[in-house]
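# Secondary and tertiary structure notes
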Amino acid sequence: MRRLVLPLVFALVGVACSDTADETAPTSTSATLEASTTTAPPSTTAPPVTTTAPPSTTSSTTTPPLDPAGGVAGAVIYQRDGLGDVAEDAGLFGFLRLRNGCLVSVGLEPGDTGAPLLFPFGTTWDAETQAVTFPDGVTVQVGDRFETGGGGHATDAIEFWVESPAAIEALQACGERAFVIRHPVVSFALDPAGGVDRPFGAEGGVIYTAECEGCPAEEALGRFELTLVDRCLTGGIDGPVLAWPFGTTWNPGWQRVELIDGRVLELGDRFEAGGGFHDDLGRFATARVAIDEFARCGGSGFVIQSPPSLGWG
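Presented here is an overview of the structure given in this document.

Thresholds, definitions, all that
- Residues numbered from 1 in each chain as written.
- Predicted model: local features only at pLDDT ≥ 70, side-chain atom pairs only at ≥ 80, totals over all residues.
- Heavy atoms only, no water.
- Helix = DSSP H or I, 4+ residues; strand = E, 2+ residues; numbered from the N terminus.
- Buried < 20%, exposed > 50% of the residue type's maximum accessible area, 1.4 Å probe, protein only.
- Contact = heavy atoms within 4.5 Å.
- Pairing = 2+ DSSP bridges.
- Axes fitted to C-alpha atoms, helices over the stretch in contact; angles between N-to-C directions.
- Salt bridge = Lys/Arg side-chain N within 4 Å of Asp/Glu carboxyl O.
- Polar contact = N/O pair within 3.5 Å; in protein donor to acceptor, adjacent residues only side chain to side chain.

### What about the overall build of the protein?
- When its secondary structure is counted, the protein shows 2 helices and 23 strands.
- A total of 313 residues make up the protein; the buried ones form 39% of that total.
- The contacts in the protein between residues at least 6 apart in sequence include a share of 69% that link residues at least 24 apart.

### Thoughts on the sheet that holds strand β7 (residues 131-133)
- Reading across from one edge, β6-β7-β8 is the order of the 3 strands in this open sheet, with antiparallel pairing throughout. Pairing within the sheet leaves two strands with one partner each, and these edge strands are β6 (124-126) and β8 (139-141). In this sheet, adjacent strand axes meet at a mean angle of 20 degrees when their direction is disregarded.
- Note that β7 and β8 share 3 bridges and pair antiparallel. Bridge pairing in β8 places Val132 opposite Val140.

### Focus on the pattern of salt bridges
- Using the criterion set out here, one finds 11 salt bridges in the structure.
- Here Asp292 ties to Arg288 by a salt bridge, and the two come within 3.0 Å at their closest N and O atoms. Residue Asp292 and its partner Arg288 are both found in helix α2 (residues 288-296); the two are separated by 4 residues, about one turn of the helix.
- Through salt bridges with shared partners, a single ionic network connects Arg198, Asp230, Glu293 and Arg296.

### Remarks on the side chain of Thr227
- Mapped onto the elements, Thr227 comes out in strand β15 (residues 227-229).
- A distance of 2.8 Å separates a polar side-chain atom of Thr227 from the backbone oxygen of Glu225.
- Apart from residues no more than four positions distant in its own chain, Thr227 is found in contact with Cys232, Leu233, Thr234, Gly236, Ile237 and Leu267.

### A short note on the sheet that holds strand β19 (residues 256-258)
- The 3 strands lie next to each other as β18-β19-β20, forming an open sheet whose pairing is antiparallel. The open sheet has two free edges, formed respectively by β18 (249-251) and β20 (264-266), since each of these has just one partner strand. On average, adjacent strands in this sheet sit at an angle of 25 degrees to one another, irrespective of strand direction.
- Bridging between β19 and β20 involves 3 bridges; their strand directions are antiparallel. Among the inter-strand pairings, Arg256 is bridged to a residue of β20, identified as Glu266.

Below is the structure:
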């Protein structure tokens, strides 16, 4: 299997400081008006009527202000403000996962169990869409693969990056070491129309169906042994090609399928799954790359539509 490692190299940039000059308010140039000797006629203008506006019936929702010392906003633990261009040069490439309430990055290499993330100040969390939005507007959803730069630090010595006791305590509860994100993030999101998740020319790859929340599932039960044949994931040496639910990804380092709920299937694992047998993927994906790959891998396969369960027989 061929893997391409994309290191990120960044320079450590110092934070520039500038002196602020004292400013004196300018002297008022307002002219003094001379009193008029002409007597004005009595006013015929009716006295003003004071009215009280009715109470507003429009509710407004405001986002609580971020703590300049750093803090916790939903699942996001964020850095203190004022770090400027302070940067570190370690690269990070992995999948965004939510585990025990902690947002972690799970890498592609064996032995990587996931590092909790300390996000830049200004990052927000959307619990409904399970997505992180960075200050520059880039959004990464749980399950997406992403790339960035920064540095790893022990969570018991993280005070330079975050000063809030609540944030430090939350970070320590997530792990002994955290990755501090200090560079722009690139997201490699899955296509809602379906596709093939095959990172960087990897030998294997997941064919996944279109995003379809609440779609009715077929009730056929398939029993399979996860096998890799000619870059295709099948249900055995002579088994059908498998199409997976949206959100499923392929980890080439571990040679395994990673499900949206965090469970994994490794090559050789036996599992059961609900769905249906089909000769064409067009009913389940509109992306041409998914339909063509399904055909290349056999043209007749099993479309998984319910969560797989490990083991049988």
